[in-house]
Each structure stands twice: as C-alpha cells, then as structure tokens.
Amino acid sequence: MTLRRRFNQSVDWAFQALGLVVTVLGLVVLVTLLVDIARDGLSRVSWQFVTSFPSRRPEDAGVYAALVGSVFVIGLTALIAIPLGVGSAIYLEEYSRRSRWSRLIELNIANLAGVPSIIYGLLGLALFVRALGFGRSVLAGASTLALLVLPVVILSTREALRAVPPSLREGSYALGATRWQTIWYQVLPAALPGTVTGLILALSRAIGETAPLIAIGALTYVPFAPDGIWSPFTVLPIQIFNWVSRPQAEFLRNAAAGIIVLLGLLLAMNGAATFIRDRAQIKTDR
Amino acid sequence: MSVSSRGRLERAIEHLLFACASVSILVTIGILSVLVFETVQFFRTVSPIEFLFGTTWTPLFFDKQFGVLPLVAGTVLVSSVAMAVALPAGLLTAIYLSEYAPTSVRRVVKPVLEVLAGVPTVVYGYFALLFVTPLLQQLVPGLAGFNALSPGLVMGIMILPMVSSLSEDALHSVPSGLREAAYALGATRAQATVRVVVPAAFSGISAAAILAVSRAIGETMIVTIAAGQQPRLTGNPLVPIETMTAYIVQVSLGDTPAGTIEYQTIFAVGMLLFVSTFALNMVSQWLRERLREEYS
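Bear in mind that the values here come from a model prediction, so they are computed numbers and not experimental data.

Criteria and thresholds
Residues numbered from 1 in each chain as written. Chains lettered and ligands numbered in written order. Predicted model: local features only at pLDDT ≥ 70, side-chain atom pairs only at ≥ 80, totals over all residues. Helix = DSSP H or I, 4+ residues; strand = E, 2+ residues; numbered from the N terminus. Rg over C-alpha atoms; globule rule 2.2 N^0.38 Å. Buried ≥ 20, exposed ≤ 12 C-beta atoms within 10 Å, placed from the backbone. Contact = placed C-beta atoms within 7 Å. Core = buried A, V, L, I, M, F, W, Y, C linked by C-beta atoms within 7 Å. Domains from an automatic or database assignment. Nonpolar A, V, L, I, M, F, W, Y, C, P; charged D, E, K, R; others polar. Axes fitted to C-alpha atoms, helices over the stretch in contact; angles between N-to-C directions. Parallel < 35°, antiparallel > 145°, perpendicular 65-115°, else oblique. Left-handed = near helix turned anticlockwise from the far one by under 90°.

A separate point is the overall build of chain A. Along the backbone of chain A there are 11 helices and zero strands. Along chain A, helices (α) and strands (β) appear in the sequence α-α-α-α-α-α-α-α-α-α-α when read from the amino end. Here chain A has a C-alpha radius of gyration of 24 Å; the compact-globule value for 286 residues is 19 Å, and the former is much larger. Looking at the 286 residues of chain A, the share that counts as buried comes to 46%. For chain A, the share of sequence-separated contacts (at least 6 apart) that also reach a separation of at least 24 residues comes to 76%.

Shown next, in the form of structure tokens:
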C-alpha cells in the first residue's frame, strides 16, 4: 500500500513538473522570437529608416509611407468602429429586453468574432472597393478593418458596462433621470476606463492585420504617404510582408527592422491601455 | 424640455442604438451575399462536383483545373501540425495554471500568453520562414525551404494561448466539491485532475479545441509566407504546399480584374473556408453552452 502511495505521489510530482515545463514553453518561444528579430533588424532601425520611403535599394528603403498609412487607417478605423461598437454594446446591455431579435444579434456577434480575417477582406473587396466605389483607398481599408474589429469592440464594451454596479443606475433613476440621462451621465463615465482599454486592444489587433488589406488590394509598393481618405495606401504589416517575400538578405533585414517598428507601435498602444486601466483602478480603490 | 419631447428624444436614441446593433446582422448578410453571388457565378463555369472532388488546382495556368482538394489537403495538413502542438500544450498549461500553479506563477504566465496571442501574424510568418525552418532543416533531412511543418508548429504556438485560456475557464467552472470528493477518497492531485476534473470539463475543453481548429484553418499570413504556394495533394509535411487562405492572398497580390474566373475562384474558396469555420464555431458555441448549463 505504501509502495502504491509512493508511486502515486511521484506520478503527481511528474505531472506537475510536466505542466510547468509546458507552461514555460510559451515564454521560451516568445523570448526566442524577440531575440531573433532584434538580432536581425536592430542595427537597421534608425531615424533614416523611419523617415524614408520604400526603395529598390534596400539600404535606402524605409517605412515612412507604411507607418503613416498604418496611423491613417487605424485612426479612420477607430472613427467608424467606436461609435458603431459602443452604440451596439449600450443597446444590448442597457436596452434590449431579451427578445428573440437581441438573442439573434448576440449569437451573430459571437459568430462574427470567429470569421477568418481574410473573409472580411473578400467582403471589403466586393462591397467597399467595387460596389460602393471606394477604390483601393484608405477609406476602403479602414471600413474593412472596422467591420473586422466590431465584434471585439462590442464584446469588450459590454463587459465594461456590465461591471458598473446596478446601484448607480438605480440611484440615478430614483432622482428622476431618464434612461438615456442615466446612461450618459452615470453609466458611461463609470465604464469609460474599461471601455477605452478594450478599444485600444481591439485597435492594436487591427494594426497588425495583413490579410484583409491584401485582399482588398492595398498596394505593396507605395512611394508616398497617404494624404486623404481617398488616397491609395500601404501599412506596416504589408510592407513587412513585401520585404519578407524578397530573396535578398538585405530586404530580410529591412523586414526585421519593420517588425521592430510595428512591435514598438503595439507596445506603445498596449502600454497606454494598461496605464489607463491601472489609473482607473487607483481611483476606484480610493 | 417638455415631458413629451424628452420622451421622443429617448425613443429616438433607442432607435439609433438599435440601428447600431443591427449593423452586425448586416455584416453577416453582406458576407453571405458577396460569397454566394460570386460562387454562383463561378459554378456557371465549373461544376460543383469538379470543384469539390477534383484533385488538381491550376486556375492561374493556361490549362485551368478547378479541383480544390489540394488546397483543402494543405489546410488540413498545416492545421493538424498546429493542433498537435496547441492541444496537448494548451491543455497541460491550462491544467497547470488552474490546478497547480501558485498565484505568483499565474501572474507572470498569463500576461506572457496574452502577448503571444497579440503578436501580429506577419511576425510569426517571418519567424517561421527565417528561424524555425532553417533550424528544422538541420534536424530533419529533406525538409524544403517552404513546407507545412514549420508554419504548422509556429501556428500551434500562436493558438496555444486561446486553447489554454478557454480550457482554464472550463476547468474553473467545475465545482470544487467534485475535487474535494476525489481527495476524500484518497486521490492525489494528478488523479483528481485526470479522472474527475478534466472529464467534468470535457465539453468546455472540446469547445476550446474546436475553436482552435477553426482559427488554424482561417490563419493566413504564416502559411502564405512560410508554406509556399504550390497546391499539392499530399500528407507529407516536408514539401511546399498551399492552403485555401494562402491561395486567396496569392490571387489578391496580382491584378485580377473583376468578373474573370480567377477572380471568382477566390470567392468560391472563401465560401468553402467560411462554411467550414462557421460550422466549427457553431459546434464550439453549443458545447460551451452545454458546459454552462451543467454547472450553474
């Protein structure tokens, strides 16, 4: 019996050790990936690289057009996706009466969140680029990405709204406020930090998207920065993809350097999201 | 403001918000109509039988053949490699985090997993092509520069966080009474986990696995960059292949005018991709709902 017991305990111990090793695997891969990219591209990142247009000569090429393109597209994506997404979330969380229609909307949003991003690209190509005549413009790209992140925006905003205690709403109603007054003056301000954090995370997902923008026909070689919503454009991930597809080692170094710029941008966005969340936490703790 | 005009404003706002919420339905209708419209056009030229069961895919060549099976095979192959990594590793991670790990370890591991899930796919593509493939070539003789193995492994790491976080939620939803009963019968933690907790969370864990398959099938950039662009009906992970998603990108990169058969193929392939991921997502959702019903 004691032998059996000792055996069981060593199995338990081995199981735990295996779990720990596998859990650390993710960390190891992440570090390897970052070190590999830093080794390949860090020496290429410079002010010249960030402010130059793409070029046939790898040593002259830079990410300026792609960086400005990414910022343009994401800014416009935010302008489209935030009102739509926050509006939907408010309706579903504060108004909907568990009707069959709102049940359908919820199921639909959960399903949309699982549709592959390239399919959104096909939708954007047929709807925005061709049917609505936006062409291969910043507006077409931003509209496509806005639809792509819409489910994420709705889900995260709903979560932020749900975290607002019902007592706040009841207090407001007791003072005679209407439903919209309650939402606008009480619920939304209380849910703001959570909402903003979710929005930034949704947008940082959009900034790394490549496939849907290739599908709508965003250009891979753009020697100018976009100057309006009708302008053709490229974005950082597409520029990186373009460089990765070339055989010359010098272009591969550019790709690594482009990745460093992209990861830097993502890090800044995520840092902002964490900062907002933590500051809100301190406020509510007091 | 009078009471009645305030009431009108209230109703107007509610209608406006309702309209916002309905946009998501329009998106689904949009996706479906675009895919169906172009696919019907496509089937006027190519019979559905030839498309679904043909074994040669050469729509961009002079001698056009429209058998989608090579693309399906490539997709299944890469996804299988990815699942072979993500499923065991994700489940073990979930078990460790949920049943064993002290809070301090959880506090480090969870954000790292979140970062892994947030890395853009084009970055994983770079990593697969220029780091993992050369590394594997030293270990596996005969591995081509473009292959299904390397992007599959990297994709497995990418979807690992999703498997582990959804499985962990499932394990958490198992009532602690079940664990305590197992301990009371003299079970060790490993025994309680393997024989009681994991079976009790089974529907939730399957939901996570199915969602991961759906994600793997729809992943685009890793395979476009590192798996090659040669549609090939094979189960060999060492040679170049092409997935459904990579084909869509390949055609999109060229300048294909609307209305041509090449243009219609990407929607037909997209339709197949949409139908398969949609079916998997529905099953996953149904399983998750069942888990919720079991323990609440």
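This paragraph deals with the overall build of chain B. Counting its secondary structure elements, chain B contains 12 helices and zero strands. The N-to-C order of helical and strand elements in chain B reads α-α-α-α-α-α-α-α-α-α-α-α. The burial tally for chain B puts 49% of its 296 residues in the buried class. Nonlocal contacts in chain B, meaning residues at least 24 apart in sequence, comprise 73% of its contacts between residues at least 6 apart.

In this section: the nonpolar core. If you look at the biggest cluster of nonpolar residues, it comprises 182 residues, and the most contacted ones within it are Leu122 and Val149 of chain A. In terms of residue count, the dominant contributor to this core is helix α3 (residues 69-100) of chain B (18 residues). When sequence neighbours within four positions are dropped, the list of residues in contact with leucine 122 of chain A reads Ala215 of chain A together with Val34, Leu35, Ile266, Phe267 and Gly270 of chain B.

As a further point, take the domain arrangement of chain B. Residue and element names in this part refer to chain B. By domain assignment, chain B separates into domain 1 (3-45) and domain 2 (69-294). Put simply, the middle of domain 1 and the middle of domain 2, counted by C-alpha atoms, are 31 Å apart. Each partner contributes to the interface: domain 1 provides seven residues, whereas domain 2 provides eight residues. For the side of domain 1 that touches domain 2, a count of residues per class yields three nonpolar, three polar and one charged.

Turning our eyes to something else, we now look at the environment of leucine 178 of chain B. All names here are of chain B. The topology assignment puts leucine 178 in helix α7 (residues 176-184). Its 15 C-beta neighbours within 10 Å are what place leucine 178 among the partly exposed residues. For the pair formed by leucine 178 and methionine 162, sequence separation is 16 residues and the distance between their alpha carbons is 26 Å. Every residue in contact with leucine 178, bar those within four places of it in the chain, is listed here: Val196, Val197 and Ala200.

At the interface, 62 residues of chain A touch 68 residues of chain B. If one sorts the elements of the side of chain A that touches chain B by residue count, helix α1 (residues 2-41) of chain A sits on top with 18 residues. The residue inventory of the side of chain A that touches chain B, partitioned by class, reads 41 nonpolar, 17 polar and four charged.

Another aspect to go through is the packing of helix α11 (residues 244-253) of chain B against helix α12 (residues 261-294) of chain B. Residues and elements named next belong to chain B. Relative to each other, α11 and α12 sit at 155°, their axes nearing to 10 Å. It follows that α11 is roughly antiparallel to α12 by the angle criterion. As for the relative orientation of α11 and α12, their crossing is left-handed in sense. On α12, the residues touching Met244, Thr245, Tyr247, Ile248, Val251 and Ser252 of α11 are Glu262, Thr265, Ile266, Val269, Gly270, Leu272 and Leu273.

Any two packed helices are characterised by the angle at which their axes cross and by the distance between the axes. Residues and elements named next belong to chain B. In the contact formed by helix α6 (residues 149-172) and helix α9 (residues 202-218), the axes pass within 8 Å of each other and the chain directions differ by 155°. On the basis of their axis angle, the class for α6 and α9 is roughly antiparallel. Between α6 and α9 the crossing geometry is right-handed. When α6 is examined against α9, the residues Met155, Ile159, Met162, Val163, Leu166, Ser167, Asp169 and Ala170 are found in contact with a partner set consisting of Gly204, Ile205, Ala207, Ala208, Ala209, Leu211, Ala212, Arg215 and Ala216. Among the residues making up the contact of α6 with α9, the classes are represented as 13 nonpolar, two polar and two charged.

The subject of this paragraph is the domain arrangement of chain A. All names here are of chain A. Annotation of chain A at the domain level lists domain 1 (2-44) and domain 2 (49-285). Just the C-alpha atoms count here: the centres of domain 1 and domain 2 sit 33 Å apart. Counted by class, the side of domain 1 that touches domain 2 contains two nonpolar, one polar and two charged residues.

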